[in-house]
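Residues per chain, in single letters:
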Amino acid sequence: MLLKQTNHSLGINELCNDNYEVEIVGNFLLIHSIPYLNAKKELVYGTLVSNVSTPRPNTHVVYFIGETPCGIDGNPMSQLINNSKRQDLGNGIIIDHLFSHKPNPMYPTYYEKMTTYVNIVCGQAQHYFPEATARTGRVVESNPEDSVLRYSDTNSSRAEIDAVNEKLSGLKIGIIGLGGTGSYILDKVAKTLVGEIHLFDGDKFKQHNAFRAPGATTKERIDLNVFKVEYFTEVYLQMHKNIISHSIYINETNLGLLNKLDFVFIAIDVGEVKKKIFKKLENLNIPFIDCGLGIEREGNELMGIVRTTLSTPDKREHVYNGLVSFSNGEGDDYKTNIQIADLNDLNAIFAVIKWKKYYGFFNDQRLEYDSNYSVNVNTIFNNEI
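The structure displayed is predicted, hence computed values, not measured ones. Every chain is numbered independently, its residues counted from 1 as its sequence is written. Local features in this predicted model are restricted to residues of pLDDT 70 or higher, and side-chain atom pairs are both shown and tallied only at a pLDDT of 80 or more, whereas totals for entire chains, interfaces and linings draw on every residue. The side-chain numbers reported here are obtained from all heavy atoms of the structure, hydrogens and water having been left aside.

(A) View of unusual backbone geometry. For the bond running from N104 to P105, omega is 10°, close enough to zero to count as cis. Relative to the elements of secondary structure, P105 occurs in the loop between strand 8 (97-100) and helix 3 (110-128). Although it is not a glycine, K41 sits at a positive phi angle of roughly 65°. The phi dihedral of N91 falls on the positive side, at around 60°, and the residue is not glycine. By definition, any uninterrupted DSSP run of H or I lasting at least four residues is a helix, any uninterrupted run of E lasting at least two residues is a strand, and each is numbered from the N terminus. Within the fold, N91 resides in the loop between strand 6 (87-90) and strand 7 (93-95).

Below, the structure written as structure tokens:
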């Protein structure tokens, strides 16, 4: 067990030092080779599992992988087993039972928590098999470098939705256009388990970009005059390992860069190129989302519509039925009014939610392929294809 994997949680080092068979997977602690009795009073072995996303235990329950643990009479340990239902916790962890033994006060460390459960389960087995022990001394090899994230997603582990997150695992994502909307899309996609994120934009990161991008940057950083993709790659490589920058505009000469992608977000306002991108992705059977933002000045106020359009191998024709504009945006107030980061972010949020629906992360009952949010009437209009 690598020390850097166990130091973050009080008491886990002590479990290793006491020769328990400890493994850390994501934000879960597993203790393997726990001896217990099955219904036939046979000696079998299982695994205890606990969430360790907080420095000290914040819940008294643990999970168990194995048959139903029984007492010396061969009956299930009903005083310990809260329920017996298989559940996928993500990271390859599929549990069979939920145990509940609530102390007062709460377990101070994971050492006390886990050894309490070990002793309860092992105690029954030791009645017939006195030499049975969970202290095997075996070392479980773990490789934290396998994750695409620089550090663990404790937010998801606390909510125990790692299995849901894995639906996005390994995807190769493209984001075409790193202006306001595209940069906010990156901000959200970089917090997932996608395998690679490819950024495409041939523009430099200027002062006006800082006012419609996530987070804050310094004037000195703006003065370096680097490409947008270089700036955002530097920022988000701090969280996600596999961000690949392409400091070019996508056009008919380099469409082949999209060949190996699984999904593409399009956040550009050059209509002629957009249509060529659409056709290329359609030929490759790659699903994509096109983002659109329309702003009009009404006196001293702005009226805006945020559009999100999904195209999949099953549904393509709707993008050519007037939903998507293929004009180059001349005369659009949005071309000059740059300080509307809230709508850029909202556009990105709608796009990312629709993307997650497509891969089953979020439940989707409406099956809409296009939606428009109108700011002035605060209404979402769904076009269900």
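Next, the rest of the story.
(B) Highlighting a nonpolar patch on the surface. The patches reported here contain residues having more than 30% relative accessible area and no salt bridge. Joining distances are 9 Å for like charges and 5 Å for nonpolar side chains (Val, Leu, Ile, Met, Phe, Trp, Tyr). Computed with a 1.4 Å probe, the accessible areas rest on the Shrake-Rupley method; for each residue, only the protein chains presented here act as cover. The term salt bridge refers to a side-chain nitrogen of Lys or Arg lying within 4 Å of a carboxyl oxygen of Asp or Glu. A grouping of I72, Y128 and F129 is seen on the molecular surface, where their side chains present a nonpolar patch of about 240 Å² in accessible area. With respect to the helices, strands and loops of the structure, F129 is situated in the loop between helix 3 and helix 4 (154-159).

(C) Main features of the sheet that holds strand 3 (residues 43-51). Strand pairing requires that DSSP identify at least two bridges connecting the strands. Here we have 6 strands laid out as an open sheet, ordered 1-2-3-4-8-5, and antiparallel in their pairing. The open sheet has two edge strands, strand 1 (21-25) and strand 5 (81-83), and neither has a second partner. The sheet shows a mean angle of 40° between the axes of neighbouring strands, taken without regard to direction. Alignment of strand 5 against strand 8, held across 2 bridges, turns out to be antiparallel. Along strand 8, the bridge assignment pairs N83 with L98. Whether two residues touch is decided by their heavy atoms; if any such pair falls within 4.5 Å, the residues are in contact. Axis lines are fitted through C-alpha atoms, for helices just across the contact stretch, and the angle between N-to-C directions can take any value from 0 to 180 degrees. The strands that helix 3 touches are strand 2 (28-37), strand 3, strand 4 (61-65) and strand 8; relative to strand 2, the one it contacts most, it runs at about 15°.

(D) Seen up close, the packing of helix 6 (residues 180-189) against helix 11 (residues 341-358). Between helix 6 and helix 11, the shortest axis-to-axis distance is 8 Å and the interhelical angle comes to 50°. Relative to helix 11, the element helix 6 lies oblique. Here the hand of the crossing between helix 6 and helix 11 comes out right-handed. Residues G180, T181, Y184, I185, K188 and V189 of helix 6 form the contact with helix 11, whose own contacting residues are A341, N344, D345, N347, A348, I349, A351, V352 and W355. Residue type decides the class: Asp, Glu, Lys and Arg count as charged, Ala, Val, Leu, Ile, Met, Phe, Trp, Tyr, Cys and Pro as nonpolar, and the leftover types, Gly among them, as polar. For the contact of helix 6 with helix 11, a count of residues per class yields 9 nonpolar, 4 polar and 2 charged. Any angle that falls under 35 degrees is termed roughly parallel, while one over 145 is termed roughly antiparallel, one within 65 to 115 roughly perpendicular, and all others oblique. In this scheme the handedness of a crossing depends on how the near helix is turned from the far one: anticlockwise by less than a right angle means left-handed, clockwise means right-handed.

(E) A look at the pairing of strand 9 (residues 172-176). For strand 9, the tally of buried residues reaches 4 of 5 residues, placing the bulk of the element in the interior. Sheet topology places strand 9 next to strand 10 (residues 196-200); 5 bridges connect them, and they run parallel. Bridge pairing links I175 to L199 in strand 10. Looking down the strands as they point away from you, a crossover is right-handed if its path from the first strand over the helix to the second goes clockwise. In this region the chain leaves strand 9, passes through helix 6 and returns to the parallel neighbour strand 10; the handedness of that crossover is right-handed. Bridge count for strand 9 against strand 12 (residues 263-266) is 4 bridges, and the pairing is parallel. Looking at strand 12, one finds that I175 is bridged to F265. Partly exposed residues are those whose accessible area sits between 20% and 50% of the maximum for their type, while under 20% is buried and over 50% is exposed, using a 1.4 Å probe and protein chains only.

(F) Region of interest: the environment of G292. Within the secondary structure layout, G292 lies in strand 13 (residues 288-298). In this structure, G292 is in contact with I305, V306, R307 and N347, ignoring residues within four places of it in sequence.

(G) Focus on the nonpolar core. By nonpolar core is meant a set of buried Ala, Val, Leu, Ile, Met, Phe, Trp, Tyr and Cys residues that side-chain atoms within 4.5 Å join together. In terms of nonpolar packing, the biggest core is built from 34 residues, with L186, F265 and W355 touching the most fellow members. At the level of secondary structure, the elements contributing two or more residues to this core comprise strand 9, helix 6, strand 10, helix 9 (228-236), strand 12, strand 13 and helix 11. It is helix 11 that contributes the most residues to this core, 5 residues altogether. Ignoring any residue separated from it by four or fewer positions in sequence, one finds W355 in contact with L168, L171, I173, V189, T192, V194, F263, F265 and I289. Counting 26 residues, the second-largest nonpolar core is a separate cluster that includes L29, I31, Y107 and Y110.

(H) Main features of the packing of aromatic side chains. Centres within 6.5 Å are what make two rings of Phe, Tyr or Trp a pair, Trp counting through its six-membered ring; a difference in plane orientation under 30 degrees is then read as stacked, over 60 as edge-to-face, and the rest as tilted. Scanning the model with the defined rule gives 19 aromatic pairs in all. Aromatic side chains F205 and F232 sit 5.7 Å apart centroid to centroid with 85° between the ring planes, which places their arrangement in the edge-to-face category. One end of the pair, F205, is in the loop between strand 10 and helix 7 (207-210); the other, F232, is in helix 9, with 27 residues separating them in the sequence. Judged on exposure class, the residue F205 and its partner F232 are both buried. Each residue in the set Y36, F64, F99, Y107 and Y117 is aromatic and connected to the rest through ring pairs, giving one cluster. Our definition puts a charge over a ring when NZ of Lys or CZ of Arg is within 6 Å of the ring centre and also within 35 degrees of the ring normal. Cation over ring: K204 sits above F227, and NZ or CZ is 5.0 Å from the ring centre. Above the plane of the ring of Y320 lies K279, whose end atom (NZ or CZ) is 4.3 Å from the centre.

(I) Local environment of the side chain of K356. Within the secondary structure, K356 sits in helix 11. Its relative accessible area of 14% is what places K356 among the buried residues. Residues contacting K356, with those up to four places away along its chain left out, are L168, T192, F361 and F362.

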